[in-house]
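For reference, the chains in residue letters:
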Amino acid sequence: MGVKKWMRRVRTEAGQALTVQLLCLGLLFVIGMLGGYLYADYCGDHSRLVLSEFLAGYCALYEKGTVQTVSLFAAVRLYFSYVLAALFLGFLSIGVFALPVLSGIYGFMTMFAVACFIQVYGRAGSALAMAAFGLRALFTIPCFLWVAAYAWAASSALATRSRGKRCAPVVYDSAYFYRLLLCFVLLAIGICAERYITPYLFQWALAKM
């Protein structure tokens, strides 16, 4: 009975720690978004030039009646890169420091792209940004934060063990890998949406300008 109570206590404490880590990573992601917005405002002229040239070519394709679809390789990279990086860092003690930084960088890059559209086109730019990045963010951000929270907990346990201290067991168990598989399935669905739905959403947003 004592063992069962101890195991229940360990699981409860691990769940509470994961919640705290998830909230911390979410906060760092938001801070990174703020930094991305401020940086886009700082280098606004360069952003306008680059995006104006990109969108001019993009619009020309639509005028010819075709739709620009992202390649499968590019879609896989966009959807899986940060998630796989977080998963990998969970197996390293250095992930204790690298995962919060990665979360901030992801937030920075996400908001920087959105802020560039808004700077160039104002309100219309926000609609374009939502069309271009909305579906991707819907799939990738929750999956990244969930994987990163588990990875951070596992990395913290590894770092503590490397110092010879007692710690809670590493959170990677069979249930975690089943959830990870579900996460990958959701990202695969997102890739299909990125290739076959997002271009038409962007086309619709352009038509409303």
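Residues numbered from 1 in each chain as written. Predicted model: local features only at pLDDT ≥ 70, side-chain atom pairs only at ≥ 80, totals over all residues. Heavy atoms only, no water.

Colleague: Please clarify how the packing of aromatic side chains should be interpreted in this entry.
Modeller: Applying the stated criterion to the full structure yields 11 aromatic pairs. Residues Phe-29 and Tyr-106 carry aromatic rings whose centres are separated by 5.5 Å and whose planes lie at 85° to one another, so their mutual orientation is edge-to-face. On the criterion of sequence distance, the pair formed by Phe-29 in helix α1 (residues 2–42) and Tyr-106 in helix α4 (residues 95–121) is long-range, its members being 77 residues apart. The residues Phe-29 and Tyr-106 share a single accessibility class, namely buried. When the centroid spacing of 6.2 Å and the interplanar angle of 0° are considered together, the rings of Phe-108 and Phe-112 count as stacked. Of this pair, Phe-108 and Phe-112 are both found in helix α4, four residues apart, which corresponds to roughly one turn of the helix. Following the ring pairs from residue to residue traces out a cluster consisting of Phe-29, Tyr-82, Tyr-106 and Phe-144. (Phe/Tyr/Trp six-rings, centres within 6.5 Å; stacked < 30°, edge-to-face > 60°. Helix = DSSP H or I, 4+ residues; strand = E, 2+ residues; numbered from the N terminus. Buried < 20%, exposed > 50% of the residue type's maximum accessible area, 1.4 Å probe, protein only.)

Colleague: Hey, could you run me through the side chain of Thr-198 in this one?
Modeller: The topology assignment puts Thr-198 in helix α7 (residues 198–207). A residue is classified by how much of its surface remains accessible, and Thr-198, at 7% relative accessible area, is buried. With residues near it in sequence (within four places) discarded, Thr-198 still touches Ala-131, Ala-132, Leu-135 and Ala-193. (Contact = heavy atoms within 4.5 Å.)

Read these as spatial facts, not as claims about activity.
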